[in-house]
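A structural walkthrough
Here is what each chain is made of, one letter per residue.
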Amino acid sequence: MDASHYKDVERNTMAEKYVLSIDQGTTSSRAIVFNHAGRIVGSGQKEHEQILPKAGWVEHNAIEIWENIRGVVGMALADAQVNKDNLAAVGVTNQRETTLVWDKNTGEPVYNAIVWQDTRTAKIIEELGGGDQDKYKDRVGLPLATYFCGPKVKWILDNVEGARERAEAGDLIMGTMDTWVIWNLTGGVDGGVHVTDVTNASRTMLMDLKSLAWDPDIAADMGIPMSMLPEIKSSSEVYGTGRPAGLLGDVPIAGDLGDQQAATFGQAAFEVGMAKNTYGTGCFMIMNTGEEIVPSKNGLLTTVCYQIGDNKPIYALEGSIALAGSLVQWLRDQLGIISAAPDVEELAADDNGGIYFVPAFSGLFAPYWRSDARGAIVGMTRFVDKRHFARAALEATAYQTREVLDAMEADSGVKLAELKVDGGMTMNETLMQFQADQVGVPVIRPVVAETTALGAAYAAGIAVGYWNGEQDVIDNWAEAKRWEPNMDDGERDRLYRQWKKAVTRTFDWVDDDTAE
Ligand code: ADP
């Protein structure tokens, strides 16, 4: 055998290292193996059941999710033809706010995970606020809304028989899905670590944004024993290692970010004023505000963007829009006018035919925070047909994004130069062009559209020295496509004005008689 053969053997055994990212999302769980250039080399994905016990209630079976995670990790490693010895680290990212309570001695959840979209805590929210939606805002950066975790924990302790006693006895612990996944990955009942990161903690309504510690007074208001809460860590450090018997045995679990913050990280939005918008089930825009905590006067959330190890935390403003891609799913599943999401593009007319579709199916999130709103299609005439429905559904996402962007510019005083985008809906050319027309700045999509998983991979890889800080992320980022604004101002403003008027038509719909 000649020398070149030995070189090949050496290359294989010394094998290049990779980072595995686990993305526990709202509709599915994914695992993706990334190489040093930040490119995908293997992946696996599994959907889980959306459990809808009543109008407004959305739950996930956390055991099913954990089994899916184990499955997709195996699929991704097989797809990439690597095993744990090839992995430098594992990062975790997750659907945010979705909340679980489980028994730390048995690993059994006491109730399904209550999903972020779930509105069952409306009454709890009202009681906590006593008419003041901003009661905790200066401490936690968030208005009182059904979206966040703390009230969901209270609901479980109030409604599941025996839960409060078990929680007070120290047997029950809570977590968002990152916490559940990391606890299980690191051993579960056999020494699993009970941690979360600053970005996920900033969505609970229980963490003080300045000190990055749990606020005992708010926890007391919600009747949540402090012993239930996970330890708050940075987004990039070694939390523990994979349980020895598992597929990830002894691999450092070293990154943890909520999905939208992970996408911001994966988009390399590290400078103050940089923003990204992710178009998935919902739509989430995040603008980096650096080390400054910027309180919002315009209906945005103040949240933690990321924290690397002992470095100072970086904060962000966020505009969360509850319905975006899920409106396209609604056209498919409830109206049946398309058979797959991408078909909406072909069906959509060139204009909206005068109709506006405000998808306030579970109230309006940013910048309105109106839980009394419900969806409306306004401007209907005899002329309108399904092509206009499709068009109006796409336009709705673009208008909502513009509303959030306007709020961001007002709060931060920064004028956005370009909008980085990602997520499933960015495959829709019609939407992306209309988006650029509405926001009036270029809209840019990167080569790796899986920015969420990528961001968590970077956080993990940075913690173990696989990547050399943010600069490597910036160097790896590459533009795939850009849309330039191309609509005259008169038309742009006319459409937006009409949209704003349509939004007001959805207010005050739910009252005591119509409430669930
Ligand atoms: P998530 O991570 O929230 O599950 P994804 O980023 O995978 O979401 O995006 C999926 C969403 O994007 C779905 O709601 C789907 O309806 C929508 N979607 C996918 N492709 C298109 C398309 N070509 N045009 C419009 N919407 C789309």
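In this text the structure is predicted, and so the values were computed from the model without any measurement.

In this structure, the second largest pocket encloses a volume near 180 Å³. Along the walls of the second largest pocket sit 13 residues, with Trp66, Gly107, Trp183, Asn184 and Gly188 positioned nearest its centre. Counting only elements with at least two residues in the lining of the second largest pocket, the list comes to helix H2 (62-80) and helix H7 (177-185).

Let's shift gears to the confidence of the model for the protein. Per-chain confidence: the protein averages 93 in pLDDT, with 96% of residues scoring 70 or above. Below pLDDT 50 for its whole length, residues 1-14 participates in two contacts with residues either more than four positions away or in separate chains.

Let's shift gears to the side chain of arginine 402. Structurally, arginine 402 can be placed in helix H13 (residues 386-412). Relative accessible area serves as the criterion here: at 8%, arginine 402 is assigned to the buried category. At 2.8 Å, the side chain of arginine 402 forms a polar contact with the side chain of glutamine 438. Not counting residues within four places of it along the chain, the set of residues in contact with arginine 402 comprises Gln435, Gln438, Val439, Arg492, Asp493 and Tyr496.

With that out of the way, let us pick up the pattern of salt bridges. Evaluated as defined, the whole model comprises 27 salt bridges. Among the salt bridges present, the one from glutamate 450 reaches arginine 30, with a minimum N-O distance of 3.5 Å. Taken together, the positions of glutamate 450 in the loop between strand E20 (443-446) and helix H15 (451-463) and arginine 30 in strand E2 (residues 28-34) put the pair 420 residues apart, joining distant regions of the chain. Accessibility expressed as a relative area gives 26% for glutamate 450, which makes it partly exposed. Since its relative accessible area comes to 26%, arginine 30 is described here as partly exposed.

With that out of the way, let us pick up H7. For H7, a buried count of nine out of nine residues is recorded, marking the element as mostly surrounded by other parts of the structure. Turning to H7, its buried residues number three or more, namely Met177, Asp178, Thr179, Trp180, Val181, Ile182, Trp183, Asn184 and Leu185. Glycine 187 occupies a position one or two residues after H7 and carries a positive phi of about 130 degrees.

To continue, consider the nonpolar core. In terms of nonpolar packing, the biggest core is built from 104 residues, with Tyr147 and Met228 touching the most fellow members. The element best represented in this core is H13, accounting for twelve residues. Those residues in contact with methionine 228, other than ones at most four positions away along the chain, are Val101, Val153, Leu157, Ala167, Leu172, Ile173, Met174 and His194. In this structure, Ile65, Leu77, Ala80 and Tyr239 belong to the second largest nonpolar core, which totals 33 residues.

Further remarks concern the packing of H2 against H7. One way to put it is that H2 packs onto H7 with a least axis distance of 11 Å and a crossing angle of 60 degrees. Comparing their axes, H7 and H2 come out oblique. Relative to H7, H2 is oriented so that their crossing is right-handed. Only Met177, Trp180, Val181, Asn184 and Leu185 of H7 make contact with H2, whose side of the interface consists of Ala62, Ile63, Ile65, Trp66 and Ile69. Here the residues of the contact of H2 with H7 are counted per class, giving nine nonpolar, one polar and no charged.

So, about the sheet that holds strand E3 (residues 40-47). Across the sheet, which stays open at both edges, the six strands sit in the order E3-E2-E1-E5-E12-E11 with mixed pairing between neighbours. Of all strands in the sheet, those with a lone pairing partner are E3 and strand E11 (236-241), marking the two edges. Each adjacent strand pair in this sheet contributes to an overall mean axis angle of 25 degrees, direction not counted. Pairing of strand E1 (residues 18-24) with E2 involves six bridges; the strand directions are antiparallel. Note that in E2 the partner of isoleucine 22 across the bridge is alanine 31. Packing against the sheet, H2 makes contact with E1, E2, E3 and strand E5 (87-94), and its axis sits at approximately 155 degrees to E3. Against the sheet, H7 makes contact with E1, E5, E11 and strand E12 (252-258), and its axis sits at roughly 145 degrees relative to E5, the strand it touches most.

On to the pairing of strand E13 (residues 275-279). Counting buried positions over the five residues of E13 gives five, a clear majority of the element. Neither face of E13 is open: one carries Ala275, Asn277 and Tyr279, the other Lys276 and Thr278, and all of them are buried. Alignment of E13 against strand E14 (residues 283-290), held across five bridges, turns out to be antiparallel. Its bridge partner lying in E14, lysine 276 is registered against isoleucine 286. Taking the residues that link successive antiparallel strands as the turn, the E13-E14 hairpin has three residues. Direction of pairing for E13 relative to strand E19 (residues 419-422): parallel, over a ladder of three bridges. Residue pairing across strands places lysine 276 opposite lysine 420, the latter belonging to E19.

Bringing the sheet that holds E20 into the picture now. Pairing in this open sheet of seven strands is mixed, and the strands run E15-E16-E14-E13-E19-E20-E21 from one edge to the other. The outermost strands of the open sheet, each flanked by one partner alone, are strand E15 (301-306) and strand E21 (479-483). For this sheet, the mean inter-axis angle between neighbouring strands, taken without regard to orientation, is 30 degrees. Pairing geometry for E19 and E20, over two bridges, is parallel. Residue lysine 420 lies in a different strand from E20, and its bridge partner there is isoleucine 444. Along the sheet, helix H14 (residues 429-439) contacts E13, E19, E20 and E21; its crossing angle with E21, the most-contacted strand, is approximately 60 degrees.

Topologically, leucine 142 is positioned in the loop between helix H4 (137-140) and helix H5 (150-159). Measuring from C-alpha to C-alpha, the distance between leucine 142 and leucine 300 comes to 8.1 Å, with 158 residues separating the pair along the chain. Sequence-distant contacts of leucine 142, that is, excluding residues within four places in its chain, are made with Tyr136, Lys137, Phe148, Ser202, Arg203, Met205, Leu301 and Thr302.

A separate point is helix H3 (residues 122-129). Among the residues of H3, those classed as buried are Ile124, Ile125, Leu128 and Gly129. One face of H3 carries all of its buried residues, which in axial projection span an arc of 125 degrees. Residues of H3 that are exposed and point more than 90 degrees away from the buried face comprise Lys123, Glu126 and Glu127. Elements that come into contact with the buried residues of H3 comprise H5 and helix H9 (216-221).

Moving on to empty space enclosed by the protein. This model, assessed by the stated rule, comprises four cavities of 30 Å³ or more. Approximately 70 Å³ is the volume attributed to the largest cavity. Every residue lining the largest cavity is counted, 13 residues in all, and those nearest its centre are Val448, Leu454, Asn476, Trp477 and Ala478. At the level of secondary structure, the elements contributing two or more residues to the lining of the largest cavity comprise H15 and helix H16 (470-476). Considering each element in turn, the lining of the largest cavity owes the most residues, three residues, to H15. A volume near 50 Å³ is recorded for the second largest cavity. Taken together, Ile321, Ala322, Leu323, Pro359, Ala360, Phe361, Gly363, Leu364, Phe365, Ala366 and Gln400 make up the full set of residues lining the second largest cavity. Taken together, the residues of the lining of the second largest cavity break down into nine nonpolar, two polar and no charged.

Basis of the calculations
- Residues numbered from 1 in each chain as written.
- Predicted model: local features only at pLDDT ≥ 70, side-chain atom pairs only at ≥ 80, totals over all residues.
- Heavy atoms only, no water.
- 1 Å grid on protein atoms, 1.4 Å probe; cavity = no way out; pocket = protein on both sides within 12 Å on 5 of 7 lines; lining within 4 Å.
- Points joined across faces, edges and corners; volume = space filled by probe spheres on them.
- Helix = DSSP H or I, 4+ residues; strand = E, 2+ residues; numbered from the N terminus.
- pLDDT = per-residue confidence, 0-100.
- Contact = heavy atoms within 4.5 Å.
- Buried < 20%, exposed > 50% of the residue type's maximum accessible area, 1.4 Å probe, protein only.
- Polar contact = N/O pair within 3.5 Å; in protein donor to acceptor, adjacent residues only side chain to side chain.
- Salt bridge = Lys/Arg side-chain N within 4 Å of Asp/Glu carboxyl O.
- Core = buried A, V, L, I, M, F, W, Y, C linked by side-chain atoms within 4.5 Å.
- Axes fitted to C-alpha atoms, helices over the stretch in contact; angles between N-to-C directions.
- Parallel < 35°, antiparallel > 145°, perpendicular 65-115°, else oblique.
- Left-handed = near helix turned anticlockwise from the far one by under 90°.
- Nonpolar A, V, L, I, M, F, W, Y, C, P; charged D, E, K, R; others polar.
- Pairing = 2+ DSSP bridges.
- Arc of directions from axis to C-beta.

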